[in-house]
Amino acid sequence: MEEPQTHIYEFGEFRLDAAKRSLSNLKGEIAPLMPKAFETLLYLVQNSGKIIGKDEMLSAIWPDTIVEENNLTQNVSALRRVFGEKPGEHRYIVTIPGNGYKFVAEVQQRREREPIENVATGESIQGDVSDTNGVSATRPRKLRFAMLALGIIALGFAGLYLWRDTTQDETPIRTIAVLPFKPLTIETRNEPMELGMADSLISKLSSGEDLIVRPLSSVRRFTLLDEDTLAAGRSLAVEAVLDGTIQMSVDQIRVSARLLRVSDGKQIWAEQFDEKRTDIFRVQDSITGKVASALNIKIRGGNTALATSSFEAYESYMFGRLHAGRLVMPEVKKGLLHYEKAIEADPNYAAAYVGIADAQRSLALSNDVDPQIAFSQAKSAASRAMALNPDLAESQMAVGLVALFYEWDWNRAEMHLGRAVELNPNNAEIRAYYAHVLSNTGQHEKALAEAKRATELNPVSLLIRTFEGQFLVYAGQNDSAIASLRAAVDLDPNFWLSHHVLSAAYINNGSYAEAVRESDEAKRLAPFQTHSLAYRGFALAKDGKTAEARQILDQLLAASRDRYVPPCHIAMLYTALGENEKALDQLEKAYLEKDVRIAFLKVEPRWNSLRTEPRFIDLMKRLNFE
């Protein structure tokens, strides 16, 4: 990239020096940026106020290299973390869906030799002027006056700093993030164990009274070796961050851990542990105890049933978490194999059974796997987890979600998910799923209240923000839904579900071109599902493009002869095309085949044109919706 080396750019609380290739804040602290992240920022700043297409930026930042769009997305996400932007904020960088990015902060350009105003006197100071002759008689007096003013200001800031430091020390920390632990070098990387250390500590610390801990789904992206811990903490909207390093040999493990306060970077606690490799559980217990002591909280014993004494089972489980958490079909299936290995090593490992139930549910909901196959296995695994410990929140949630999406037993689903919330009230994801059953059964006010609480507990969760947008769609609050979903997309443009639900909101708004665009993006990001195709076809039909909509219908019908395609998706297209009898035939098929989308029948706006049909009314009664 060519750049004007003499330019300095100032915006908000930051100063970007193109010559020194540095970004600093008002205190002069240098923000750590990887080279390509710096070039991304520089290009955006140099073109501030303009919409810059993704292709243009890729060509400018990687002129001689073919790279994935994800590289650009990661750079933008890293910049947002450095700027400390909260979800939905657009103080610096705005994502323009389907186009690119725009730098929106006001930018001032300054040459290196440009006079800078003296903060104490308001005079202009030329940085390289040598004043040896013709000095004004008032100059020494002004200088002494300026120095006195600066001294007073310095004393004031020192007092303020000491006061703030004291009050911060006295303020209890109640939100914390545990980042994936890192290897000392990339050659010694053991990603499942790095993630596993964080996951185990999250589980243990989540039992702390009055402590909110970000879940693994929120922190798993912070895996870079040179990750800025404090920037990650600001991005996760927490008061403290626990991170560390992990080294493993054939039979030994060394773990270094530290707890940092995000507001000022102060180290609250740090320690190093050397143990046998198989004693990793002792290390985790010790870290949990030390952190709890440093934060002055009590740890309840509620999550002990998730544990295992088998290192082999634990390692396999963490491989399962690593793969299944990526939510795309090939990775989820890899995760299932590792969960099964964990159970072979420890048949009483509750966490592995919960993992299987979660993974099978994601296959049916997000990857068009036959629900009768996926959910029968999910039900078996959830039941086993419940049998091992009914007082485990994760077991209650697993059983409740089977009741919601497979058994269509709304009362049972609400009972188990409500019980899960009672067992772990600070678990944002559990609250979000509890809100899910409330929303699906038409209890919109309660659902939105629970979703709001879940968002308060974890304001950076993509899943929770997307769920909230979905519940707003079903509650008929479309404008609020679009705002919430756009905030989720800004948080991470690569989460397919946010684009998919945003497409539904745009359909309700009559913004069909935008709906098609969001459906296409969802399909690109999650190619193993056909839900986005159905929404695309629905939007096209409503926009009068019936020929294109029918092409998608024919595509789904042809695909259904070779593999499982949810009948609800086909029914949705028939509905959009005005062929209600065929749509009702497909809904009957969906009922018989246990299509999970039937769980949304009461609130999904796509079925509104069928609600007075006798066959639809009868189906609603059989589902105990009426």
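Note that the structure is predicted; figures quoted are calculated from it, not measured.

### A short note on the packing of helix α15 (residues 428-440) against helix α17 (residues 462-474)
Two elements in contact, α15 and α17, have axes separated by 10 Å at closest approach and are oriented at 15 degrees. With respect to each other, α15 and α17 are oriented roughly parallel. Crossing of α15 over α17 shows left-handed handedness. Between α15, through A428, E429, A432, Y433, A435, H436 and S439, and α17, the contact on the second element is made entirely by L463, I464, F467, Q470, F471 and Y474. Of the residues assigned to the contact of α15 with α17, the class counts are nine nonpolar, three polar and one charged.

### So, the pairing of strand β5 (residues 93-96)
Alternating residues of β5 divide into I93 and T95 and V94 and I96, and every residue in both groups is buried. Relative to strand β6 (residues 100-103), β5 runs antiparallel, the two being bridged by four bridges. Residue pairing for β6: I96 is matched across the bridge by G100. Count of turn residues in the β5/β6 antiparallel hairpin: three residues, of which G98 carries a positive phi of about 80 degrees.

### Considerations on the pairing of strand β1 (residues 7-11)
Counting buried positions along β1 yields four of five residues, so the element is predominantly enclosed. Remark: two residues form the turn of the hairpin made by β1 and strand β2 (residues 14-17), two consecutive strands paired antiparallel; G12 in that turn has positive phi of roughly 55 degrees.

### Notes on the sheet that holds β6
Pairing between the strands of a sheet comes from backbone hydrogen bonds, and it takes one of two forms, parallel or antiparallel. An order of β4-β6-β5 is seen for the three strands of this open sheet, with the pairing classed as antiparallel. Of all the strands in the sheet, the pair left with one neighbour each is β4 (51-53) and β5. Pairs of neighbouring strands in the sheet enclose a mean axial angle of 30 degrees, with direction left out of account. Running over the sheet, helix α1 (residues 35-46) touches β4, β5 and β6 and is turned about 65 degrees from β6.

### Let's talk about unusual backbone geometry
Glycine aside, a negative phi is what most residues show, and trans is what most peptide bonds show. Despite not being glycine, N296 has its phi angle at roughly 60 degrees, a positive value. Summarising the element assignment, N296 is placed in the loop between α8 (280-295) and α9 (311-324). Its identity is not glycine, yet K594 carries a phi of approximately 65 degrees, on the positive side.

Conventions and cut-offs
- Residues numbered from 1 in each chain as written.
- Predicted model: local features only at pLDDT ≥ 70, side-chain atom pairs only at ≥ 80, totals over all residues.
- Heavy atoms only, no water.
- Axes fitted to C-alpha atoms, helices over the stretch in contact; angles between N-to-C directions.
- Helix = DSSP H or I, 4+ residues; strand = E, 2+ residues; numbered from the N terminus.
- Parallel < 35°, antiparallel > 145°, perpendicular 65-115°, else oblique.
- Left-handed = near helix turned anticlockwise from the far one by under 90°.
- Contact = heavy atoms within 4.5 Å.
- Nonpolar A, V, L, I, M, F, W, Y, C, P; charged D, E, K, R; others polar.
- Buried < 20%, exposed > 50% of the residue type's maximum accessible area, 1.4 Å probe, protein only.
- Pairing = 2+ DSSP bridges.

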